[in-house]
Amino acid sequence: MRKIIYLAVITVSAFILVQSCKKSAGSDDNGTGDKGSSFDRKAMLTNMSTNMIIPAYTAYQATTVTLDAAVTAFNAAPDLAKLSTLQNAFQAAYKQWQSTSIYDFGPAGDVGLRVNTNTYPTDVNQINANVNSGTYNPLLLANLSAKGLPALDYLLFGTGADNTAVLAQYTSDSKAANRKTYLASLTAEMKTNASTVLNAWNGAYKNTFINATGTDVGSSTGQLINQIVYDYETLKNYQVGVPAGVQSMGNTFPQKVEAYYSKISAQLVLLHLQALQNVYLGKDGSGLDDYLVQANAKYNGGSLNDAIKNQFTVAIAKVQTLTDPLSAQITSNPAAVTAVYTELQKLTVLLKTDMTSSLGILITYGDNDGD
Amino acid sequence: MGATVMEQSYSRFNKQTHIAPLAVLRIAFGSIMLVSTIRFLLKGWVYAFYIKPKFHFTFYGFDWIKPLGAFGMYTLFALLIIAAILIIVGLFYRIASITFFLCFTYVELIDKTTYLNHYYFISVMAFLMIWVPAQRYFSLDVVRKPQLLVTQVPLWTTGIFKFQLVLVYFFAGISKLTYDWLIAAIPLKIWLPANSQLPIIGGLLTQQWPAYLFSWAGMLFDLLIGFLLLSRKTRKPAYLLVIIFHLATGLFFKIGMFPYIMICVTVIFFPPETHIRIIDFLRRVLFRSTNSTLKTEAVYQLSAYKPKLVFTVLIIHFAIQILLPLRYLLYPGNLYWTEEGYRFSWRVMLMEKGGTAFFHVKDPATGKQTEIINSAYLTGFQERQMATQPDMILQYAHFLAQEYFQKGIKNPIVTADSYVTLNGSGSRLYIDNTVNLAKEQETFAHKKWILPFKQTE
């Protein structure tokens, strides 16, 4: 017995000598300053819900109400002025959506707000089939790409070469009545979904959110961060990468951009990226930036928060070089769009890998034990 | 002299002891396996890990292990449940323990994405269970065939489990003797504050000192607990420590059944009298029987040919157990970074590592290149595991080369931009993104295309 212990002690000492020499970076400069006070996740969640999430849903719900009312007015007596009003209401909703899509958990997750609102590219054949048959089942999986903002984008901008031609689809066309009904079902559905989510947040869910202060997958911080990363990746991939041909051997798909028919794609990318930056910063209150500072997160010797803030600035500057119609830019100068994608890619790594790893938050859309 | 030492240890090995610890271990192991398997099913993991994925990361040399489809996989899990129940009650024990070991190990070999040290531990335990006569006491096999009953077994039958457990803890302890773990208290400095919402202790976890306390306590626990459990004097407090330590880690980290498995199997360290009392207790509770343990003495004898076979198998097993965790010494570079020689070494919860990998496939004929949407081929879980493990990156690259070859591209060039952060280092390029991975072969040799881990860039 004694021999075993001696042997163990000798082995252990040898290993300490050998292994203590090796170290990983980041570990050596973590001792700076005693971070006695903890990061208050509850305060961050309170700030997020009060100053970002609920205002986003409130504003978005309001745009869907306006949009639905504009459809009602237009359907009652379609003319060019009302079409224009409706188109403006649509664009306002699409712009507000860019700062609303991020929070697809809790009530929004329950109604599938993101996929029901913004699945694109829209399926023109499916839309036309629905219009022709005069039937529309919102629960049908195939109708995911025949509803929401992308479907309206087509119906309000893509059904004719100009507004006069579009208007004709709602007046003289043989399926005009069906088309109006379809329009009305789509905006009504959007309004219902937006209201359901907003009501939940104004009701009990806000407290649920604020009080789930853990960091596991089901916690609010976990869900928020997972959704920020996910939403950011949809921006990078679907608003920019896929249409620019990054994932298809350089074959571009200009028609796959978001808001292809209304031609506001580049504006939307910028709004979306700025919205994500805003969430990261928690606007002026407690956000993920403060959380990373508190955790003393490092990035190659410097502060991770600085690296992320900097990359947001760089990426936003790059996105500002995109021009509308984005589809035209992709056709004429795909390299410029790919360059934007490359800059966006760098931010993916910082958010998805560095941020989550520094905070001990598991990025997962699945589930498993660790060991 | 050599001969006498051999003889001494051989006779000590064969010294007789009561069989009760084996019977208790059989029941404990079977029960915890039954619970684990049912839990695995209820979580929907059979589907998520073995049916849904289109591609699996097989182990080197085990490419022939394939998932069996939905029906096959659920059958496999049904077999595991039946085998676990048979192990508990000790019915058709040999077949049941062999079935359990084979089915469990098969499942684990399908995809290294799900590799966990504690699954490996279960395979090892299940393997050892095959070689001992754990069914020959307090079992249905004995009811079925009373002549099977024995009360005395050679010491080695329980000794192998104790030795295995000492190895597991000791190697886990040695692996904690690093600068990061002891001096920088990382990754616990990252992980503990993430638990600050816990009542009472939550506030403490955001301070620096608990990370140091838990790092050092964890290291000392792992290094010493095996020996403390072996020694009669320290056994009881040591077992209390086992319970406290494992429950605490279970509270802080998402490690599933592992704490309960360890708490169950370490019971083997207690002397036969304790186990006899446990069995008497079970008899009273289950059968309202006041019969104490049978007084008959029946000695377990391996038939003539068997000792050689069993001892050969066990000697090979333990030689592997001792050498495997040390194989990392043969590889250059930072072990946590390269993960060459990392698995099967009881390196548990040692690092905070995360990564994102972007793969590109290039057609050498046209020069055109494409980025891969990983989610088209991998589940989120697979993608996350793959991004930080070079052998998985290589396997996936080979899969992509095959995929694009079938799409009509001759000799596709596959490269990977993988960014990995280790213990809060900040992400940096992990593997050489100019290397055509389609041309690299998997071997046990060092992978030269893993970029060295530098302190700062």
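Parameters and conventions
Residues numbered from 1 in each chain as written. Chains lettered and ligands numbered in written order. Predicted model: local features only at pLDDT ≥ 70, side-chain atom pairs only at ≥ 80, totals over all residues. Helix = DSSP H or I, 4+ residues; strand = E, 2+ residues; numbered from the N terminus. Rg over C-alpha atoms; globule rule 2.2 N^0.38 Å. Buried ≥ 20, exposed ≤ 12 C-beta atoms within 10 Å, placed from the backbone. Contact = placed C-beta atoms within 7 Å. Pairing = 2+ DSSP bridges. Axes fitted to C-alpha atoms, helices over the stretch in contact; angles between N-to-C directions. Domains from an automatic or database assignment. Parallel < 35°, antiparallel > 145°, perpendicular 65-115°, else oblique. Left-handed = near helix turned anticlockwise from the far one by under 90°. Nonpolar A, V, L, I, M, F, W, Y, C, P; charged D, E, K, R; others polar. Core = buried A, V, L, I, M, F, W, Y, C linked by C-beta atoms within 7 Å. Expected span 1.5 Å × (residues − 1). Bend = angle between axes of the 7 residues up to and from the residue. pLDDT = per-residue confidence, 0-100.

### Some details on the overall build of chain B
- Across its full length, chain B holds 18 helices and 6 strands.
- Computed over the C-alpha atoms, the radius of gyration of chain B is 25 Å, within 12% of the 23 Å expected from 2.2 N^0.38 for a compact globule of 457 residues.
- Taken along the three principal axes of its C-alpha coordinates, chain B extends 85 × 55 × 50 Å.
- Relative to its full complement of 457 residues, chain B shows a buried share of 43%.
- The contacts of chain B with a sequence gap of at least 6 include a subset with a gap of at least 24, amounting to 67%.

### Re the overall build of chain A
- Of regular secondary structure, chain A possesses 15 helices and 2 strands.
- In chain A, the proportion of contacts linking residues at least 24 apart, taken out of those at least 6 apart, comes to 75%.

### A word on the sheet that holds strand β3 (residues 353-362) of chain B
- Strand order in the open sheet formed by 4 strands is β4-β3-β5-β6 (chain B), and the pairing between neighbours is antiparallel. The sheet is open, and its two edges are formed by β4 (369-371) and β6 (428-429) of chain B, each paired on a single side.
- Helix-sheet contacts for helix α15 (residues 334-359) of chain A involve β3 and β5 (413-422) of chain B, and the interaxial angle to β3(B) is about 155°.
- Helix α18 (residues 390-406) of chain B contacts β3 and β5 of chain B of the sheet and is inclined by roughly 155° relative to β5(B).

### A look at helix α7 (residues 148-158) of chain A
- Most of α7(A) is tucked away: 10 of the 11 residues are buried.
- Taken as a whole, α7(A) has its buried residues at A:Gly148, A:Leu149, A:Pro150, A:Ala151, A:Leu152, A:Asp153, A:Tyr154, A:Leu155, A:Leu156 and A:Phe157.

### Considerations on the domain arrangement of chain B
All names here are of chain B.
- For chain B, the domain assignment lists domain 1 (15-328) and domain 2 (352-439).
- Computed over C-alpha atoms only, the centres of domain 1 and domain 2 are separated by 36 Å.
- Between domain 1 and domain 2, the residue contacts involve 12 residues of the former and 13 residues of the latter.

### Some details on the packing of helix α11 (residues 265-281) of chain A against helix α13 (residues 304-319) of chain A
Residues and elements named next belong to chain A.
- Where α11 contacts α13, the axes come no closer than 10 Å and their chain directions differ by 170°. Put simply, α11 runs roughly antiparallel to α13. For the element pair α11 and α13, the recorded crossing hand is left-handed. Between α11 and α13, the residues in contact are Val269, Leu270, Leu273, Gln274, Gln277 and Tyr280 and Ile308, Phe312, Ala315, Ile316 and Val319, respectively.
- For the contact of α11 with α13, the per-class residue count stands at 9 nonpolar, 2 polar and no charged.

### Quick word on the environment of B:Ile82
- Relative to the helices and strands, B:Ile82 is located in helix α4 (residues 69-89).
- Taking the C-alpha atoms as reference, B:Ile82 lies 8.0 Å from B:Ala96; in sequence the two are 14 residues apart.

### Notes on the environment of A:Gly134
Residue and element names in this part refer to chain A.
- Structurally, the position occupied by glycine 134 is in the loop between α6 (124-133) and α7.
- Overall, glycine 134 belongs to the exposed group, with 12 C-beta atoms counted inside 10 Å.
- A C-alpha to C-alpha distance of 23 Å links glycine 134 and valine 115, two positions 19 residues apart in sequence.

### Section: the nonpolar core
- Judged by nonpolar contacts, the single largest core of 136 residues is most densely connected at A:Ile228, B:Ile393, B:Ala397 and B:Leu400.
- Sort the elements by how many residues they give to this core and helix α2 (residues 41-76) of chain A lands first, with 12 residues.
- Other than its neighbours up to four places away in sequence, B:Ala397 contacts B:Phe359, B:Val414, B:Ala416, B:Leu437 and B:Ala438.
- Core analysis: the second largest hydrophobic core is formed by 74 residues, B:Ile19, B:Leu80, B:Phe161 and B:Tyr169 among them.

### With respect to the pairing of β3(B)
All names here are of chain B.
- Most of β3 sits inside the fold, with 8 of its 10 residues counted as buried.
- Taken together, the 10 bridges between β3 and β5 define a ladder with antiparallel strand orientation. Counterpart to histidine 360 in the pairing with β5 is threonine 415.
- Sheet topology note: the β3/β4 ladder contains 3 bridges and is antiparallel.

### Here we look at unusual backbone geometry
Residue and element names in this part refer to chain A.
- Following tyrosine 120, the chain continues to proline 121 via a peptide bond in cis, the omega torsion being 0°.
- Locating proline 121 in the fold gives a position in the loop between α5 (113-117) and α6.
- Of note, the amide linkage connecting aspartate 324 to proline 325 takes the cis form, showing an omega dihedral of -5°.
- For proline 325, the position within the fold is in the loop between α13 and α14 (326-332).
- With phi around 55°, methionine 249 is a residue other than glycine that occupies positive phi space.
- One non-glycine residue, lysine 263, lies in positive phi territory at about 60°.
- Given 16 C-beta atoms within a 10 Å radius, lysine 263 is considered partly exposed.

### A closer look at the domain arrangement of chain A
Residue and element names in this part refer to chain A.
- Domain parsing of chain A yields domain 1 (36-205) and domain 2 (214-371).
- Computed over C-alpha atoms only, the centres of domain 1 and domain 2 are separated by 23 Å.
- Each partner contributes to the interface: domain 1 provides 25 residues, whereas domain 2 provides 29 residues.
- Listed by contribution, the elements that provide at least two residues to the side of domain 1 that touches domain 2 are α2, α3 (80-97) and α7.
- Ranked by residues supplied to the side of domain 1 that touches domain 2, first place goes to α2 with 8 residues.
- Of the residues contributing to the side of domain 1 that touches domain 2, the split by class is 14 nonpolar, 7 polar and 4 charged.

### A short note on the environment of B:Gln369
- Within the secondary structure layout, B:Gln369 lies in strand β4.
- When the 15 C-beta atoms within 10 Å are taken as the criterion, B:Gln369 is described as partly exposed.
- Here the alpha-carbon distance between B:Gln369 and B:Leu350, two residues 19 residues apart in the chain, equals 38 Å.
- Excluding its chain neighbours within four sequence positions, the residues that come into contact with B:Gln369 are A:Met249, A:Gly250, B:His360, B:Val361 and B:Lys362.

### With respect to α2(A)
- Across its 36 residues, α2(A) extends 50 Å between first and last C-alpha, which sits within 8% of the 52 Å expected from 1.5 Å per residue.
- At A:Ser49, α2(A) shows its largest bend, some 40°.

### Description of the pairing of β5(B)
All names here are of chain B.
- The buried fraction of β5 amounts to 8 of the 10 residues, a majority that puts the element mostly inside the structure.
- Taken together, the 2 bridges between β5 and β6 define a ladder with antiparallel strand orientation. Following the sheet pairing, tyrosine 419 is matched in β6 by leucine 429.
- The turn joining β5 and β6, which pair antiparallel and follow one another in sequence, is formed by 5 residues; a positive phi near 45° is taken by asparagine 423.

### Some details on the confidence of the model for chain A
- Overall, the prediction assigns chain A a mean pLDDT of 90, with 87% of residues at 70 or greater.
- Segment residues 25-36 of chain A: pLDDT under 50, and 26 contacts once partners within four positions in sequence are set aside and those in other chains are kept.

### Topic: the packing of helix α8 (residues 156-174) of chain B against helix α11 (residues 209-230) of chain B
Residue and element names in this part refer to chain B.
- At a closest axis distance of 6 Å, the pairing of α8 and α11 adopts a crossing angle of 160°. Classed by the angle they form, the pair α8 and α11 counts as roughly antiparallel. Where α8 crosses over α11, the two elements pack in a sense that is left-handed. Within the contact between the two elements, α8 uses Lys162, Leu165, Val166, Tyr169, Phe170, Ala172 and Gly173 and α11 uses Met219, Asp222, Leu223, Ile225, Gly226 and Leu230.
- When the residues that make up the contact of α8 with α11 are grouped by side-chain class, the tally is 9 nonpolar, 2 polar and 2 charged.

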